[in-house]
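Descriptive structure summary
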Amino acid sequence: MPRTTHQLLLLLCLLVGTRVPAQTVNSEADRPLTYYLPDLNYDPAIPTPEEFLGWQIGDWHISHDLQQAYMRLLAASSDRITLVEIGKSYEQRPLLNLIFTSPENRNKLEDMRALHLNWNKQDGGLSENDIDRVPAVLYQGFSIHGNEPSGANAAPLVAYYLAAAPMSEVGKVLENNIVVFDPSYNPDGLNRFASWVNSHKNKTLTADPADREYNEAYPRGRSNHYWFDLNRDWLPVQHPESRARIAAFHRWMPNVLTDHHEMGKDATFFFMPGAPTRVHPSTPQINQDLTAKIGTYHAAALDKIGSLYYSGEGYDDFYYGKGSTYPDVHGAVGILFEQASSRGHLQDTENGELSFPFTVRNQVTTALSTLEAFAALRNDLLTYQRNFTIGGVSPDGYLIEADNDPGRARELANILSRHGLPVQHGGSGDTEAYYVPKTPFSEAAFEPILEFEDSLFYDVSTFSLPMAFNLPFRKVSGGAPGGRNWTRFDREAPRPEVDHASAEYAYLLPANDYYATKAIYQLLDRGVRVKVSDQPFSTGSSANAFGRGTVMVPVIGQSMTAEELHRIVTEVERETGLDFIPAGSGTVDAGGLMFGSRSAYQTLRKPEIALIVEGGTSSLDAGEVWHLLDQRFEIPITKLAMDEVGSTDLSRYNTIVMVDGNYSGLGAKGTEALQRWMGSDRVLITMERAGTWAAENGLAKVKTRKVANPDSSITQRPYAKAYRDYSGKVLGGSIYEARADLTHPLLFGMQREEIPLFRTGTLLYEPAKNVYATPLRYTDEPLLSGYSPREFAQAAAGSAGVIVSGKGGGRTISFASNPNFRGFWYGGNRLFMNAIMFGHTISGSAVE
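The structure contained in this document is the topic of the report that follows.

Now for the overall build of the protein chain. The number of helices and strands found in the protein chain is 23 helices and 34 strands. Compactness check: the protein chain gives a C-alpha radius of gyration of 29 Å against a globular reference of 29 Å for 848 residues, within 12% of the reference. With the C-alpha coordinates of the protein chain rotated into their principal frame, the extents come out at 85 × 65 × 55 Å. Across the 848 residues in the protein chain, those meeting the buried criterion constitute 60%. The long-range fraction of contacts in the protein chain, counting pairs at least 24 apart against all pairs at least 6 apart in sequence, stands at 79%. Taken as a whole, the protein chain presents about 31900 Å² of accessible surface, with 48% of it coming from carbon and sulfur. Computing the positive centroid from 77 side-chain charges and the negative centroid from 98, the protein chain places the two 3 Å apart.

Take a look at the structure:
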């Protein structure tokens, strides 16, 4: 049986290890430049990292300000570099790209970029015979997780090598190719981590993992400013770091992209390919073959320095929202590197003491082996991308209905356009829709998936974007359907001015737009009295139909004049793009309740929100809430540390949010404080395990549903199958359908009863005994897309998606899953925002 390249690489990995590498290098004297880089005649006019910093890489963890300052110095010193600032992080740290090529090429860089892009077009004017003059592009990126620092600390050394090594060494890479160099994917997280470990470093290093240096404080440095994992944001692009990076990716369309990470301290070094049974079906086999060929260069380079390594297992190429996988659906090769982490300067491991300099050297070594492989395989890589891109052109496409929610639909169009799709917009009102052509990317990002070769996943098993937005979509043939006056969508285009007519009696705002709650908050924050209707009605002989959740702002009874109120409403219209409808009378059409009806219109109060963080809470889930409220809806929140709850005056908050996590850290004092706080007009919002904690402590009425073990009748299994059996029961992330009660305040503004919800984990809630207190239940056949552990979908059928219970006149709203998953589950966080804004209006007769 012939051996594939992948099999040969696996065999090579298994044979490695006859030399045990020296992992501990502590003193500066042990680490000249040649510890990291080849011994070459480097250009003396180019400063080394050590000359700039005053210390050798590995002595300390480089902060982002020093790293970017060195990159700017390199760019000013070398004629091979064009420096581009592609954006800024939330904390206003520059996001840099260094574009490396030969000095001769720098003057024609834009021409080279155009040539590279045209190579991948059917009508680009190039044929296969032109391949030798087409530049290939390599994108090298480092440390998207800030507390995986060996990559970002290797970046100055690799950049120095590209800038200062003789052209006889790097000419094959630079003379007809381009290297896009991204030294820090996550500047805010990197800086947070560097500050921590440098502040806790001992002069006499300790390798004890219990030392404070190796145990970061919450939320740790892995994430960005809002505590998001940026290596899950390549697809959702919710953050400025990701948006800048994706724009750079599509500007250059690299043939190879590398992503340098770290893993647990007791591991060795991993490089792609990953597990062959966990590759997304849209990724062709040639991608994996090229990945394996590149891997042989990494193996040879690591052999030379005696480092242990492995490949072909553990990690996967499935979720296209990761840096090593996103390129795969664009005709490129994504390469993941994982280095065992010292998480500081020195740690004891099962492989001996692991020093920070050693981890940096492995990253430098594989960055350089990537350059070698890229230069050697450039024609194969160019041919693959051309065939993939041109072969992916289709006359078909996808039609996405706006579902009478312009804000939510526009946000999906924003995401799709950032990924280079030519989005078209057409129609208005009930006919508003968007169209995108079918490409390998849009097919992967739209279509549900239910069949899998493997039951193990490193991350989620599905990621349908229209489902995330709860928007109906369908595949269409022959281009955009006629009759909607299609135009190219431009996410930078200003919104059209709305009619700012003044009202004689009241202003009305329908609840259908995603950003309606943002407008409501802005009114409340300006001191405007706002009411919400829980009944549908129409005015003007049914000319204007309004659904449940419509906001009514009366002109009378305000603490301001009619003119001042009009000015405020106009400001809110301009800031949100929403149009308030003036009403000249309090009378509605027959069958509706008049505006003065207390039974139909309830007064809203301004949310004053605390989010419990630290302790055992999920920093990722907490960050999603923080980002959603702060960035998207501009609602201030207090991030309240768990151990401070018991000593904080909670009376200033009327809403408290508890994300998934372990809340034992509240202790008796914190628990009693929450119990005393709960009362009239108060809303407690819980997610997943926070709901069970609340139930155990008298703050909610939630009962979990037991999921039967499908293997309970089996008395013995082979030991070798234990890991796979256990992992097959893990729900890493799939989409399930729930059915909603659209009359309920939590569903105000929603148009369809069926709602896709994202689930991780197998925690289920039983429906409430009160028949009105479970406004969201999973359907009888709930699985829409993704891998579901055996019999879990059956167990989930009919279980509660959300339960409303109460105590002392307050309301506890318990979500069985995270409605804000990774910041882009817009269909779910619409419910969460309704809980924030309307939760206190839920009738006492409708709570458990």
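What follows is about the pairing of strand 29 (residues 734-740). Buried residues dominate strand 29, accounting for six of its seven residues. In this sheet, strand 30 (residues 754-759) lies alongside strand 29 in antiparallel orientation, the contact comprising six bridges. Residue pairing across strands places E737 opposite P756, the latter belonging to strand 30. With five bridges joining them, strand 29 and strand 32 (residues 776-785) adopt antiparallel strand pairing. In the sheet register, A738 faces strand 32, and the bridge partner there is Y778.

What follows deals with helix 5 (residues 109-119). When we look at burial in helix 5, the residues that qualify are L109, M112, R113, L115, H116 and W119. The arc that holds every buried residue of helix 5, seen down its axis, measures 160 degrees, which confines them to one face.

With that out of the way, let us pick up the nonpolar core. One finds I656, V657, M658, L674 and F832 to be the most contacted residues of the largest nonpolar core, which totals 160 residues. In terms of residue count, the dominant contributor to this core is helix 23 (residues 826-838) (eight residues). When sequence neighbours within four positions are dropped, the list of residues in contact with F832 reads V625, L628, V657, I685, M687, F815, P819 and N820. Counting residues in hydrophobic clusters, the runner-up holds 75 residues, among them Y36, W55, L174 and F337.

Our next topic: the pattern of salt bridges. Scanning the model with the defined rule gives 37 salt bridges in all. A salt bridge links K606 to D525, with the nearest nitrogen and oxygen atoms 2.7 Å apart. With K606 in the loop between strand 21 (601-603) and strand 22 (609-613) and D525 in helix 16 (residues 516-525), this residue pair connects regions lying 81 residues apart in the sequence. Residue class for D525 comes out partly exposed when judged on its relative accessible area of 42%. Here K606 and E608 are joined by a salt bridge, their closest N and O atoms 3.9 Å apart. Assessed through its relative accessible area of 27%, K606 is described here as partly exposed. For E608, a relative accessible area of 32% puts it in the partly exposed group. By sharing partners, the salt bridges in this structure join E148, R222, D229, R232, D459 and R822 into a single network.

As paired strands, strand 1 (residues 81-88) and strand 2 (residues 94-100) are joined by seven bridges and run antiparallel to one another. Looking at strand 2, one finds that L83 is bridged to L98. In sequence, strand 1 turns back onto strand 2 through a hairpin of five residues, with Q92 there showing a positive phi of about 65 degrees.

Another point: a negative patch on the surface. Residues D43, D79, E104 and E175 make up a contiguous surface patch of negative charge. By the element assignment, D79 lies in the loop between helix 3 (64-77) and strand 1.

Attention shifts here to the sheet that holds strand 4 (residues 177-182). The mixed open sheet is built from seven strands, whose spatial order is 1-2-4-3-5-7-6. The open sheet has two free edges, formed respectively by strand 1 and strand 6 (269-271), since each of these has just one partner strand. Pairs of neighbouring strands in the sheet enclose a mean axial angle of 15 degrees, with direction left out of account. When strand 5 (residues 256-263) meets strand 7 (residues 333-340), the two strands line up parallel, connected through eight bridges.

Right, let's talk about the environment of N351 for a bit. As for its placement among the helices and strands, N351 is situated in the loop between strand 8 (346-349) and strand 9 (352-355). Taking the C-alpha atoms as reference points, N351 and H500, 149 residues apart in sequence, are found 70 Å from one another. Among the polar contacts made by the side chain of N351, one reaches the main-chain carbonyl oxygen of A267 at a distance of 3.4 Å.

This part takes up the environment of G221. Mapped onto the fold, G221 is located in the loop between helix 8 (187-199) and helix 9 (240-252). Apart from the residues lying within four places of it in its own chain, the contact partners of G221 are H145, G146, N147, N186, G189, L190, R192, F193 and E216.

On to unusual backbone geometry, then. Note that the residue after Y218, namely P219, is joined by a cis bond; omega there is 5 degrees. Take P219: it is sitting in the loop between helix 8 and helix 9. Of the consecutive residues M272 and P273, the connecting peptide bond is found in the cis state with omega at 15 degrees. Position of P273 among the secondary structure elements: in the loop between strand 6 and helix 10 (285-305). Here the phi dihedral of R343 falls at roughly 50 degrees; this positive angle occurs in a residue that is not glycine. Structurally, R343 can be placed in the loop between strand 7 and strand 8. Take R343: its relative accessible area is 21%, and that puts it in the partly exposed class.

Calculation notes
- Residues numbered from 1 in each chain as written.
- Predicted model: local features only at pLDDT ≥ 70, side-chain atom pairs only at ≥ 80, totals over all residues.
- Heavy atoms only, no water.
- Helix = DSSP H or I, 4+ residues; strand = E, 2+ residues; numbered from the N terminus.
- Rg over C-alpha atoms; globule rule 2.2 N^0.38 Å.
- Buried < 20%, exposed > 50% of the residue type's maximum accessible area, 1.4 Å probe, protein only.
- Contact = heavy atoms within 4.5 Å.
- Areas by Shrake-Rupley, 256 points an atom, 1.4 Å probe, with all protein chains shown as cover.
- Lys, Arg positive; Asp, Glu negative; His and termini not counted.
- Charge placed at Lys NZ, Arg CZ, Asp CG, Glu CD.
- Pairing = 2+ DSSP bridges.
- Arc of directions from axis to C-beta.
- Core = buried A, V, L, I, M, F, W, Y, C linked by side-chain atoms within 4.5 Å.
- Salt bridge = Lys/Arg side-chain N within 4 Å of Asp/Glu carboxyl O.
- Patch = residues over 30% accessible without salt bridge, like charges linked within 9 Å, V, L, I, M, F, W, Y side chains within 5 Å.
- Axes fitted to C-alpha atoms, helices over the stretch in contact; angles between N-to-C directions.
- Polar contact = N/O pair within 3.5 Å; in protein donor to acceptor, adjacent residues only side chain to side chain.

None of the figures reported here should be taken as evidence of function without further support.
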